[in-house]
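# Breakdown of the fold
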Amino acid sequence: MHIPHSLAQIQSASLPETTDVAIIGSGITGTSVAKFLLEGRPDTHVTILEARTLCSGATGRNGGHLVTFGGAGYSALKAQHGADEAAKILKFAQDTCDQLLETAKEMARDESEIRPVTRVRAFGDAESLEEVKRSVAAYELDHPAMRGRFEFIDGKQALEVQRFGNHHVAGAALFPAAALWPYRFVLKVIEHLRNIYSARLSIEANTPVTDVQYLPDLRVSHPYALRTPRGNIYARQVVYCTNGYTSHLLPELRGRLFPKRATMTVQDLIGLAPNRGDSTSWNLHQKARYDPNIDAILNGSYYLQQNANSGFFFFGGEAQIAHTALTSDDTNASAVSVQHLVDKLSEFFGIEHENNDALVSSWSGIMGFTPDSLPLAGKLPSSITLRDGDGEWIAAGFNGGGMCLCWRVGEAIAKQITVETCPIGFLRPSLCPRCA
Ligand SMILES: Cc1cc2nc3c(=O)[nH]c(=O)nc-3n(C[C@H](O)[C@H](O)[C@H](O)COP(=O)(O)OP(=O)(O)OC[C@H]3O[C@@H](n4cnc5c(N)ncnc54)[C@H](O)[C@@H]3O)c2cc1C
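Residues numbered from 1 in each chain as written. Predicted model: local features only at pLDDT ≥ 70, side-chain atom pairs only at ≥ 80, totals over all residues. Heavy atoms only, no water.

### A word on the packing of aromatic side chains
A complete count under the given rule lists 10 aromatic pairs for this structure. Ring geometry for Trp-282 against Phe-313: centres 6.4 Å apart, planes inclined by 55°, an arrangement best described as tilted. Taken together, the positions of Trp-282 in strand 12 (residues 280–285) and Phe-313 in strand 16 (residues 313–316) put the pair 31 residues apart, joining distant regions of the chain. Of the two residues, Trp-282 and Phe-313, neither departs from the other in class, the shared state being buried. Here a set of aromatic residues connected by ring pairs shows up, and it is made of Phe-36, Phe-185 and Trp-407. Sitting over the ring of Trp-181, Arg-184 keeps its end group 3.6 Å from the ring centre. Note that Arg-408 overlies the ring of Phe-92, its terminal NZ or CZ placed 4.9 Å from the centroid. (Phe/Tyr/Trp six-rings, centres within 6.5 Å; stacked < 30°, edge-to-face > 60°. Helix = DSSP H or I, 4+ residues; strand = E, 2+ residues; numbered from the N terminus. Buried < 20%, exposed > 50% of the residue type's maximum accessible area, 1.4 Å probe, protein only. Lys NZ or Arg CZ within 6 Å of the ring centre and 35° of its normal.)

Next comes the structure, spelled out in structure tokens:
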């Protein structure tokens, strides 16, 4: 969110009394729902309600990696959902990446700094590497059309070609991905929507929704009352794009969708490591472990991209214990986790330097986790809302990744609302009455 956009605090002089669709949350998901609703139905009025400044949740704080789980996630998905469903989920994610890459090029090429990159996903141990190789092989065997996206290199090649420092990685998978600046992309899209659809779009920053009620006797046409500190707004339909914060408004989701805090740093190793930000992004997977010296669980998953202009490294990963990770408070970051990332980046490249000189900034963000790692997307049943009425929708729970899903999940929700069909398909058919 560095350099806040001029629209970051935007709100109407007074909250609109009614709207057709109230979207709660202005991250990448809420913005996608708004875009496709406005484009899809010329008679629909849309209101985006955001608790803080625009796009100040996970999207404004994330690592900027546009990447799918690809064949690496196939075996686990197949075990849970079967080969066909697993392939559909992976295709959905890949299509989302492709579509978002094109949309970002078209709508915000300069602002978003969108660029295709080669992803180098390295593994610290041979066992994890072999597991991923097996998963990719199974994917390619079951779905031959997907062959050829992954290339594997061994640890020596990874060290030579990709300069993985002293990590002694067992090997790496190379595959196509992209990198971008998500906050700037989302704000550019919102700016664009505001310019085109000003008569049908209200954007209400600093307007937390504190409660949703179904009151058909009060307003037949707009039965949902959304309470905010600026007054109530009445809507025909409500879409929860609130990711890790959702269970605050939908308590039945507690435990099924929960917040988890993640840590990001920006570090400056200029002069010590080359700038390959326009061609490469990196992942490193090591086995999760508890480190008694810093009393933290290292989750062993690190993600790294480099800003192609400044050369700064955007480096994320976790060294936290439960009480600092399982929280929805992103006003500060775990000092242990930040220090761990500072130490880890120099180790990553095998560089010795005065560590603390490198840290440019650090922050945390709140992800929305689900027990099976898939998002909740579709119409909410009364068993979850505990209300009558069938106008409440959800697109949340994108776990550690998300940008390879959020954009088209948002599109799917918008299309369901406007044309009442499932042109794209949902990841969670059980929540979509028309797919069930
Ligand atoms: C540190 C970090 C790094 C990450 N790195 C990556 C990455 O590199 N690649 C990737 O694909 N994914 C990454 N993710 C995950 C990704 O950012 C999320 O999956 C994605 O941004 C979710 O978008 P969203 O719009 O659904 O949610 P969010 O962006 O979290 O938006 C939800 C919005 O809802 C608002 N809100 C919540 N409750 C209310 C309320 N009651 N009233 C009004 N507004 C409300 C919040 O303020 C917030 O702005 C990362 C996440 C974090 C935290």
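### Here's the deal with unusual backbone geometry
Within the chain, Asn-206 stands out as a residue other than glycine whose phi angle is a positive 50°. Tracing the backbone shows Asn-206 in the loop between strand 7 (201–204) and strand 8 (211–214). Note on Asn-206: relative accessible area 31%, which makes it partly exposed. Even without a glycine there, the phi angle at Asp-295 is positive, about 50°. With respect to the helices and strands, Asp-295 occurs in the loop between strand 13 (289–291) and strand 14 (296–298). Owing to a relative accessible area of 41%, Asp-295 belongs among the partly exposed residues under this scheme.

### Focus on the site of the ligand
Lining the immediate surroundings of the ligand are 38 residues, of which Thr-29, Glu-50, Thr-59, His-65 and Gly-401 lie closest. Residue Thr-29 places a side-chain N or O atom 2.7 Å away from an oxygen atom belonging to the ligand. Alone, the ligand offers 1000 Å² of accessible surface; in the complex the protein occludes 97% of this. When residues of the shell around the ligand are traced back to their parent elements, those giving at least two are helix 1 (28–40), helix 2 (58–61), strand 11 (258–267) and strand 18 (359–369). In terms of domain composition, the shell around the ligand takes at least three residues from each of domain 1 (18–62 + 183–256 + 372–431) and domain 2 (115–177 + 257–369). (Near = heavy atom within 4 Å. Polar contact = N/O pair within 3.5 Å; in protein donor to acceptor, adjacent residues only side chain to side chain. Areas by Shrake-Rupley, 256 points an atom, 1.4 Å probe, with all protein chains shown as cover. Domains from an automatic or database assignment.)

### Quick word on the nonpolar core
By size, the foremost hydrophobic cluster in this structure holds 57 residues, and its most contacted members are Ile-23, Phe-185 and Val-239. If one sorts the elements of this core by residue count, helix 4 (residues 83–112) sits on top with 8 residues. The residues that make up this core include at least three from each of domain 1 (18–62 + 183–256 + 372–431) and domain 2 (115–177 + 257–369). Ignoring anything within four residues of it in the chain, the contact list for Val-239 reads Val-21, Ala-22, Ile-23, Ile-24, Val-33, Trp-393, Ile-413 and Ile-417. Of all hydrophobic cores here, the second largest spans 24 residues; its members include Leu-284, Leu-298, Phe-315 and Ala-319. (Core = buried A, V, L, I, M, F, W, Y, C linked by side-chain atoms within 4.5 Å. Contact = heavy atoms within 4.5 Å.)

### What about the packing of helix 3 (residues 74–81) against helix 5 (residues 126–142)?
Packed helix pairs are characterised by how far apart their axes lie and by the angle those axes make with each other. With their axes 8 Å apart at the nearest point, helix 3 and helix 5 run at an angle of 60° to one another. Contacts from Tyr-74, Ser-75 and Lys-78 in helix 3 reach Ser-135, Ala-138, Tyr-139 and Asp-142 in helix 5. Taken together, the residues that form the contact of helix 3 with helix 5 break down as 3 nonpolar, 2 polar and 2 charged. (Axes fitted to C-alpha atoms, helices over the stretch in contact; angles between N-to-C directions. Nonpolar A, V, L, I, M, F, W, Y, C, P; charged D, E, K, R; others polar.)

### Remarks on the sheet that holds strand 13
Sheet strands pair via backbone hydrogen bonds, and the direction of the pair is either parallel or antiparallel. A sheet is described by the order of its strands in space; here 3 strands give the open sequence 13-14-17, paired in antiparallel fashion. Each edge of the open sheet is held by one strand with a lone partner, namely strand 13 and strand 17 (319–320). (Pairing = 2+ DSSP bridges.)

### What to know about helix 1
In an α-helix there are 3.6 residues to a turn, and that puts residues three or four apart on one side. In this model, helix 1 (13 residues) spans 18 Å end to end at C-alpha, consistent with the 18 Å of a helix rising 1.5 Å per residue. For helix 1, the buried fraction is high: 11 of the 13 residues fall into the buried class. (Expected span 1.5 Å × (residues − 1).)

### Regarding the domain arrangement of the protein
Split into domains, the protein comes out as domain 1 (18–62 + 183–256 + 372–431) and domain 2 (115–177 + 257–369). Counting from both sides, the interface comprises 20 residues of domain 1 and, opposite them, 13 residues of domain 2. Summed over both sides, the interface of domain 1 with domain 2 buries roughly 1300 Å², with 53% coming from carbon and sulfur. In terms of surface lost to domain 2, no three residues of domain 1 exceed Arg-61, Gly-244 and Asn-399, which account for 42% of the buried area on that side. Taken together, domain 1 and domain 2 are joined by 2 salt bridges. For the salt bridge of Arg-61 with Asp-330, the shortest nitrogen-to-oxygen distance reads 3.3 Å. Summed over the shared surface of domain 1 and domain 2, the number is 8 residue pairs in polar contact (both at pLDDT 80 or more). Mapped by element, the contributors of at least two residues to the side of domain 1 that touches domain 2 are helix 2 and strand 20 (392–396). Split by residue class, the side of domain 1 that touches domain 2 holds 7 nonpolar, 10 polar and 3 charged. (Buried area = accessible area lost by both parts, 1.4 Å probe. Salt bridge = Lys/Arg side-chain N within 4 Å of Asp/Glu carboxyl O.)

### Section: the packing of helix 4 against helix 11 (residues 406–419)
At their nearest, the axes of helix 4 and helix 11 sit 8 Å apart, and the two run at 95° to each other. Judged by the inter-axis angle, helix 4 sits roughly perpendicular to helix 11. Here Phe-92, Asp-95, Thr-96, Gln-99, Leu-100 and Thr-103 of helix 4 come into contact with helix 11, specifically with Trp-407, Arg-408, Val-409 and Glu-411. Per-class residue counts for the contact of helix 4 with helix 11 are 4 nonpolar, 3 polar and 3 charged. (Parallel < 35°, antiparallel > 145°, perpendicular 65-115°, else oblique.)

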